Structure formats: structure tokens, C-alpha cells
Amino acid sequence: MTDWQADPDTRLTLSDLLERYATLRDTILGLEAEKTELGEVIKAALLRGERAETELYRSSVKVQRRLEYPAERFREVFGDAATLEVASIDKKKAEALARAGDLDADKLRELALVKEIQALVLTAKGG
């Protein structure tokens, strides 16, 4: 049983559950922020040529690529209605519209920008 499911004699109120939820959410957000910050520091050190590993993990930096569509250029090429349809120019939504024939797939490919991001990778040691 998890904490919030406690024994049947101790029924939690909806407010109690909300309090627990808020605590978990705030904890997770704090941990995610710390993880992001640590990752940036570690990636910067690795890119300077430093090495880092623990008893269980080796670290490395991998370059990842993702496509993005600049909103203003997207609007110029496909118009306001199509821009509103994909709102944040979500790659999957834009490509789905192209597959459906609502957008010109060739123009969409020409519009795409490839962005590179560096991701911290942990590789387990041993077996």
C-alpha cells in the first residue's frame, strides 16, 4: 500500500489527497530543475574534455537533432489558418497535415530547420 492508501481505518479526505499531490508535484518540479542544472554543468565539463563516471555509470554527450518550423515563416508559406491549426508548429501535427494533403509536403520539408541539442547519456557499466 502507498502512503495515500493507508489502512482502511484512516480515510483521507480529498483535501488530504490534494495536499499530498501538491507536495509530490512540487518535489518533482524541484528535482527536475536540479537535474537539468546538474546536467548542464556536467555537459559543459564533458565538452571541455573532462571525464566523469561513477561506480555504476559512464557519462558522454550525444548530439541529437530535431526539426522545428519557425512560426513566422510557416505562416508566410502556409497562411494564418494552417498556422492556427498547428498552434506551436508541432512537428507531428504539421507532418500529419502534410500526409493528409492539407499542406504541401515539399514546402514543409524546405521550411524545416534542424536543431542540434546535446544530451547527457549515462551508460551502465558491466553486466
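Before reading further, recall that the structure is shown in the block above.
Residues numbered from 1 in each chain as written. Predicted model: local features only at pLDDT ≥ 70, side-chain atom pairs only at ≥ 80, totals over all residues. Heavy atoms only, no water.

(A) Just the overall build of the chain, in detail. What the chain contains, in helices and strands, is five helices and two strands. Its helices and strands in sequence order give the chain the pattern α-β-α-α-α-α-β, from N to C terminus. Its C-alpha atoms give the chain a radius of gyration of 23 Å, more than 25% over the compact-globule value 14 Å for 127 residues. Each of the three principal axes of the chain carries a C-alpha extent, and together these read 60 × 50 × 25 Å. When the 127 residues of the chain are sorted by exposure, 16% land in the buried category. In the chain, 68% of the contacts between residues at least 6 apart in sequence involve partners at least 24 apart. Accessible surface, the chain as shown: approximately 10200 Å² in total, 54% of it carbon and sulfur. (Helix = DSSP H or I, 4+ residues; strand = E, 2+ residues; numbered from the N terminus. Rg over C-alpha atoms; globule rule 2.2 N^0.38 Å. Buried < 20%, exposed > 50% of the residue type's maximum accessible area, 1.4 Å probe, protein only. Contact = heavy atoms within 4.5 Å. Areas by Shrake-Rupley, 256 points an atom, 1.4 Å probe, with all protein chains shown as cover.)

(B) Region of the structure containing the nonpolar core. Counting residues in each nonpolar core, the largest one holds twelve residues, listed as Tyr69, Phe74, Phe78, Ala82, Val86, Ile89, Ala94, Leu97, Ala98, Leu103, Leu108 and Leu111. Looking at this core, the elements with two or more residues in it are helix H2 (71-78), helix H3 (80-86), helix H4 (91-99) and helix H5 (105-111). Leaving out residues up to four positions away in the same chain, Leu97 has contacts with Glu85, Val86, Asp102 and Leu103. (Core = buried A, V, L, I, M, F, W, Y, C linked by side-chain atoms within 4.5 Å.)

(C) Broad picture of the pattern of salt bridges. With the rule as written, the count across this model stands at 14 salt bridges. Ionic pairing is found between Arg66 and Glu68, a salt bridge with its closest N-O pair at 2.8 Å. Arg66 sits in the partly exposed class, given a relative accessible area of 43%. What makes Glu68 partly exposed here is its relative accessible area of 26%. (Salt bridge = Lys/Arg side-chain N within 4 Å of Asp/Glu carboxyl O.)

(D) Representation of a nonpolar patch on the surface within the structure. Taken together, the side chains of Leu38, Ile42, Leu56, Tyr57, Leu120 and Leu122 define a hydrophobic patch exposed on the protein surface, amounting to about 530 Å² of accessible area. Sorting the residues of the nonpolar patch by element identifies helix H1 (14-47) and strand S2 (113-124) as the ones contributing at least two each. Mapped onto the secondary structure, Leu56 falls in the loop between H1 and strand S1 (57-68). Taking relative accessible area as the criterion, Leu56 reaches 54% and is therefore assigned exposed. (Patch = residues over 30% accessible without salt bridge, like charges linked within 9 Å, V, L, I, M, F, W, Y side chains within 5 Å.)

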